[in-house]
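Here are the chains, one letter per residue:
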Amino acid sequence: MSQQYHPSGVRVVNPQVGANGLDALAEGAKSRVCIDLDLDRQMFPFGTPKDIDAHVRESVEKLGAPEGGLWLKAEVGPDVPLENVEAICQALERYRGYFS
């Protein structure tokens, strides 16, 4: 897990979801540092839109908090079907205000 410091002095970690697991990340980092989470791009080519929505929602529920501290990123390659790219965008939009 790499740790960076934002110019404002905020501590940020950029963990690998697959290597760490959401539960372990929640236990070790939630509400302690900002989590810059790169969503599990290995599922994007093969998962269904429902799988993708569930992954984004679970990430937000386990790592997010009303006071913030979670950044989500999604990287897609040419092997990701367009319907899954659309599902990623829709899920990010849907859950961005989860705690508001």
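Refer to the structure presented above.
These numbers were taken from a predicted model, which means no experiment stands behind them.

Asker: An account of the pairing of strand S4 (residues 70-73) is needed here, citing residue identities and associated values.
Answerer: With 4 bridges connecting them, strand S3 (residues 34-38) and S4 associate as parallel partners. Residue pairing in the sheet places Asp 38 in a bridge with Lys 73 of S4. Of the crossover connections in this fold, the one passing from S3 over helix H3 (residues 49-63) to the parallel S4 is right-handed.

Asker: Describe in detail the environment of Asp 53, supporting the description with residues and values.
Answerer: Summarising the element assignment, Asp 53 is placed in helix H3. The exposure class assigned to Asp 53 is buried, which follows from its relative accessible area of 19%. A sequence separation of 17 residues divides Asp 53 from Leu 70, and the C-alpha atoms of the two residues are 17 Å apart. A polar contact of 2.3 Å, which involves the side chain of Asp 53, links it to the side chain of Arg 94.

Rules of the game
Residues numbered from 1 in each chain as written. Predicted model: local features only at pLDDT ≥ 70, side-chain atom pairs only at ≥ 80, totals over all residues. Heavy atoms only, no water. Pairing = 2+ DSSP bridges. Helix = DSSP H or I, 4+ residues; strand = E, 2+ residues; numbered from the N terminus. Right-handed = clockwise from strand over helix to strand, strands pointing away. Buried < 20%, exposed > 50% of the residue type's maximum accessible area, 1.4 Å probe, protein only. Polar contact = N/O pair within 3.5 Å; in protein donor to acceptor, adjacent residues only side chain to side chain.

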